[in-house]
Amino acid sequence: MMTALSDANQHTTQLKLEPRPLDEAVYARAQAQGLSELQARLLASRLPGYQGELAPLVTPSLRYLAHPEKLADGRRAAERIAQAVAEGESIGILTDYDVDGITSHVVIRRTLVELFGVPEHKLHSLIGHRIHDGYGISLPLVERTLALKPFPTVVITADCGSSDEPRIARLKAAGIDVVVSDHHALPLEGPPTSAYACVNPTRDDCAYPDKTIAGCMVAWLLMSLARGVLVEWGALPEATPKLSPWLSYVALGTVADCVSLGGSPANRAVVSYGLTLINRMDAACWRAMATRLGADSVPFNAETLAFQMGPRINARSRLDDPYAALHFMLAESDAVANRQLEVLDQDNQSRKAIEADMAEEARALAASALIADEPAVVVFLEDGHPGVQGIVASRLVQSYGRPALVLTQAAAPNMLTGSGRSIDGLHLRDALQRTFELAPEALPRFGGHSGAAGVGVPSEQLDVFKQAFLKAVAEQLEGRSLYPRLWTDGELSTAQLSLATLEEIDALGPYGREFDAPLFEGRFIVEALRPVGADGAHLMLELSMGAITCKAIWFRALTPGELPAFTIGDTLHCAYKLNRNRWRGRESLQLMVEHASAV
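Residues numbered from 1 in each chain as written. Predicted model: local features only at pLDDT ≥ 70, side-chain atom pairs only at ≥ 80, totals over all residues. Heavy atoms only, no water.

Asker: Is there a simple way to think about the overall build of the protein chain in this case?
Answerer: Looking only at helices and strands, the protein chain has 20 helices and 17 strands in total. Reported as C-alpha extents along the three principal axes, the dimensions of the protein chain are approximately 75 × 55 × 50 Å. Per-residue burial over the protein chain gives 55% buried out of 599 residues. The contacts in the protein chain between residues at least 6 apart in sequence include a share of 67% that link residues at least 24 apart. When the accessible surface of the protein chain is totalled, it reaches about 24700 Å², and 52% of it is carbon and sulfur. Considering the protein chain, the positive charge centre built from 54 side chains and the negative charge centre built from 71 side chains are found 3 Å apart. (Helix = DSSP H or I, 4+ residues; strand = E, 2+ residues; numbered from the N terminus. Buried < 20%, exposed > 50% of the residue type's maximum accessible area, 1.4 Å probe, protein only. Contact = heavy atoms within 4.5 Å. Areas by Shrake-Rupley, 256 points an atom, 1.4 Å probe, with all protein chains shown as cover. Lys, Arg positive; Asp, Glu negative; His and termini not counted. Charge placed at Lys NZ, Arg CZ, Asp CG, Glu CD.)

Asker: Explain the environment of Arg584 to me, please; I cannot follow it from the model alone.
Answerer: Inspection of the secondary structure puts Arg584 in the loop between β16 (571-583) and β17 (586-598). Look at Arg584 and you get exposed, because its relative accessible area is 70%. Along the chain, Arg584 and Asp296 lie 288 residues apart, while their C-alpha atoms are 7.6 Å from each other.

Asker: Hey, could you run me through the domain arrangement of the protein chain in this one?
Answerer: Size of an interface: often given as the accessible area lost when the parts come together. Here the protein chain is partitioned into domain 1 (1-51 + 486-598), domain 2 (62-242) and domain 3 (376-481). Just the C-alpha atoms count here: the centres of domain 2 and domain 3 sit 29 Å apart. Contact residues are listed per partner, giving 12 residues for domain 2 and 10 residues for domain 3. Carbon and sulfur atoms make up 54% of the surface buried where domain 2 meets domain 3, a total of about 830 Å² over both sides. Interface area lost by domain 2 to domain 3 is led by Ile131, Ala185 and Leu188, which between them contribute 47%. (Domains from an automatic or database assignment. Buried area = accessible area lost by both parts, 1.4 Å probe.)

Asker: I tried to follow the UniProt feature "domain: DHHA1" (unreviewed entry) in the protein chain on my own but got confused; where do I start?
Answerer: Within this numbering scheme, the UniProt entry marks residues 375-474 as carrying the feature "domain: DHHA1" (unreviewed entry). Secondary structure within residues 375-474 divides into 36% helix and 28% strand; the distance between the first and last C-alpha atoms comes to 6 Å. (UniProt positions renumbered as here; feature names shortened; annotations may be inferred.)

Asker: Which parts of the structure should I look at to understand the state of the cysteines?
Answerer: In a disulfide, the sulfur atoms of two cysteines are covalently bonded to one another. Counting across every chain of the model gives zero disulfides. This cysteine, Cys160, is not joined by any disulfide, and Cys198 carries the nearest cysteine sulfur, 11 Å off. (Disulfide = S-S within 2.5 Å.)

Asker: Explain the pairing of strand β8 (residues 404-409) to me, please; I cannot follow it from the model alone.
Answerer: Within a regular strand, side chains alternate between the sheet's two faces. β8 sits mainly inside the fold: five of its six residues count as buried. Taken together, the four bridges between strand β7 (residues 377-380) and β8 define a ladder with parallel strand orientation. Within the sheet, the bridge partner assigned to Val377 lies in β8 and is Ala404. For the crossover from β7 across helix α17 (residues 389-400) to β8, the handedness is right-handed. In sequence, β8 turns back onto strand β9 (residues 415-421) through a hairpin of five residues, with Asn414 there showing a positive phi of about 60 degrees. (Pairing = 2+ DSSP bridges. Right-handed = clockwise from strand over helix to strand, strands pointing away.)

Asker: Sorry if this is basic, but what is going on with the packing of aromatic side chains here?
Answerer: Aromatic rings in a pair are described by how distant their centres are and how their planes are angled relative to each other. Tallied over the entire structure, the rule returns seven aromatic pairs. For the pair Phe436 and Phe446, a centre-to-centre distance of 5.8 Å together with 40 degrees between the ring planes defines the contact as tilted. Taken together, the residues span a long stretch of sequence, with Phe436 in helix α18 (residues 428-438) and Phe446 in strand β10 (residues 445-448) at a distance of 10 residues. By relative accessible area, Phe446 is classed as buried at 15%. Their ring planes at 45 degrees and their centres at 6.2 Å tell us that Phe520 and Tyr576 sit as a pair that is tilted. Of this pair, Phe520 sits in strand β13 (residues 520-532) while Tyr576 sits in strand β16; the two residues are 56 residues apart in sequence, bridging distant segments of the chain. (Phe/Tyr/Trp six-rings, centres within 6.5 Å; stacked < 30°, edge-to-face > 60°.)

Asker: What exactly am I supposed to notice about the UniProt feature "domain: RecJ OB" (unreviewed entry) in the protein chain here?
Answerer: UniProt tags residues 488-595 as "domain: RecJ OB" (unreviewed entry). Between the end C-alpha atoms of residues 488-595 there is a gap of 11 Å, over a span that is 7% helix and 48% strand.

Asker: Just checking my understanding: could you explain the packing of helix α6 (residues 99-115) against helix α9 (residues 215-232) for this structure?
Answerer: A pair of packed helices is characterised by two quantities: the angle between their axes and the separation of those axes. The geometry of α6 relative to α9 is characterised by a closest axis approach of 8 Å and an angle of 15 degrees between their N-to-C directions. With respect to α9, the axis of α6 lies roughly parallel. Where α6 crosses over α9, the two elements pack in a sense that is right-handed. The residues of α9 that touch α6, namely those facing Asp100, Thr103, Ser104, Val107, Ile108, Thr111 and Leu112, are Gly215, Cys216, Ala219, Trp220 and Met223. Here the residues of the contact of α6 with α9 are counted per class, giving seven nonpolar, four polar and one charged. (Axes fitted to C-alpha atoms, helices over the stretch in contact; angles between N-to-C directions. Parallel < 35°, antiparallel > 145°, perpendicular 65-115°, else oblique. Left-handed = near helix turned anticlockwise from the far one by under 90°. Nonpolar A, V, L, I, M, F, W, Y, C, P; charged D, E, K, R; others polar.)

Asker: Which parts of the structure should I look at to understand the pairing of β10?
Answerer: Only one face of β10 is covered, namely the one carrying Phe446 and Gly448; the face carrying Arg445 and Gly447 has none of its residues buried. Bridging between β10 and strand β11 (residues 452-458) involves four bridges; their strand directions are antiparallel. Looking across to β11, one finds that Gly447 is bridged to Gly454. Hairpin connection from β10 to β11: three residues lie between these consecutive antiparallel strands.

Asker: I tried to follow the sheet that holds strand β15 (residues 548-554) on my own but got confused; where do I start?
Answerer: Sheets are built from strands that pair by backbone hydrogen bonding, the pairs being arranged parallel or antiparallel. What the five strands build is a closed barrel, ordered β13-β14-β15-β17-β16; its pairing is mixed. For this sheet, the mean angle separating the axes of adjacent strands, direction not counted, is 45 degrees. Here β13 pairs with β16 via six bridges, running antiparallel. Its bridge partner being in β16, Arg523 is matched across the sheet by His573. Relative to β16, helix α20 (residues 499-506) is tilted by about 85 degrees, and along the sheet it contacts β13, β16 and β17.

Asker: Help me out: how do you make sense of the sheet that holds strand β2 (residues 91-95) in this one?
Answerer: Taken in spatial order, the five strands make up an open sheet running β3-β2-β4-β5-β6, and their pairing is parallel. Because the sheet does not close on itself, it has two edges, and the strands there are β3 (123-127) and β6 (197-199). Taken pair by pair, the neighbouring strands of this sheet meet at an average axis angle of 15 degrees, ignoring direction. Summarising the sheet, β2 and β3 pair through five bridges and their orientation is parallel. Of the residues in β3, the one forming a bridge with Ile93 is Ser125. The strands touched by α9 are β4 (154-158), β5 (177-181) and β6; relative to β5, the strand with the most contacts, the crossing angle is about 125 degrees.

Asker: Just checking my understanding: could you explain the pattern of salt bridges for this structure?
Answerer: Once their charged atoms are close, side chains differing in charge can pair, the charge on each being opposite to the other. In this structure the tally under the stated criterion is 33 salt bridges. The partner of Glu18 in a salt bridge is Arg485, with the nearest N and O atoms 3.3 Å apart. Placement of Glu18 in strand β1 (residues 16-19) and of Arg485 in strand β12 (residues 485-488) is noted, with a sequence separation of 467 residues between them. Look at Glu18 and you get buried, because its relative accessible area is 16%. Residue class for Arg485 comes out partly exposed when judged on its relative accessible area of 22%. For Arg80, the salt bridge goes to Asp177, with nearest N and O atoms at 2.8 Å. Taken as a pair, Arg80 in helix α5 (residues 74-86) and Asp177 in strand β5 lie far apart in primary sequence, 97 residues in all. Three or more residues joined by partner-sharing salt bridges are found here, namely Arg20, Arg46, Asp489 and Asp516. (Salt bridge = Lys/Arg side-chain N within 4 Å of Asp/Glu carboxyl O.)

Structure representation (structure tokens):
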């Protein structure tokens, strides 16, 4: 008899390679504007139904950014910050603990200190502890704020605050003006009424044209506006530098927060420009990371930020307090940056071990959902670490091709906390809003955006919450077939297996959420293979197609001790990316295998 775990594993292996649907109108427009056939194909499969101009997406530029005056409450918020600076008030900076929040914090703090001349002793950094405090303007953060000396008369938030009306009201009652800057969806009742101002592009009354920008970008726009106000008032000279150098941090926060890099000229512009700044290696944090990854890692690209920098910064807040990440980003010397990065690196290794154990347990618990063909996977890990919920949810999405929500015990008694990850075609935050409408008592707290979200659920309401959530997801997906899939960009000819093709691809970057890095498929003969890595989990390969032979690497191809299911001479159907392998100053093409099966 098949066990539940083996049945879950069977679902895991039913991964399908499927070509991305092509928008013929976008394809024709792209070719008419001089893009190559491959570039037109990549654009047309990533921008379905896109009606806007292609130029801002193909050639990202800061000139496509809308003026921050278009942000609802932007002027009011900027004037309050400017007043605090001009009159020497004490200011609190309160941000989320993830990469978006940390980079927002850096943008605000460096602007206040280095451009506006605010003394360090007038500033307070307030970042919640993921496990003990929870997300946003939590009650413990409020208590710490009220105990500060000197007492802040203004608190600027970033990447949080939109759903925190009760705590903001408490701060207001104590004489603190709270300026909210955020990008998360607002509750149905609208912006927090006790906030002095709420700057959030998702507001219904906000004229800012791009609703997908990250929290760090909202913070950057707000502080840019505050600079303009101070210059207008004569409190700063006109020669005061603008905030452009801080776009390096905005690039990191934007990529790490998984906001759209598809039809968003703003996000594509700041990531593209920010990468240019990062690769100048002017800041100690970038130099430390380049040293850690090796000389061949430079220049960084968006994937470096997503898979190397982002996880290390997030790891600290997942397992402990986030201040080491802040100190790393703000480090003024290479020695300090390297020391802080060592702490982040150790946490990241610990996070990986915890993640592996939790993912194994989550897959076992997911079996019943798969057998019942439920539209989402909801699992409660009784002994799970709350800091790793989101990563484990991502693993479940990859394995089963359906939305996933992972819950663990919360710090508050009789409460569960959870993180969810979505799939294409499901707006997760909207699904949670619908869940709240169906069972409000089962979901007292939630927030997020289309791709990721967090929840708080009373322990005794877990079953009620799950059924309401599954109903909300089913309503959105409307009977869509759910299974693990890899969208590919079709096949490449042998002539296209070259660095020249990679340059064509790179010219369309940056790549990220809703503008995925190209993934191709093809059949190759195995000419050589050997397990590599400390535990032999990766495969180094030589693969041939016709007269062309390429080196390839397949990370996490095997479980430790496992042998490959194929050998030299076999034909593999591969899903792969093109990669530039740098070694001692020389470059060669390397295939990055994502999935392969013998044919």
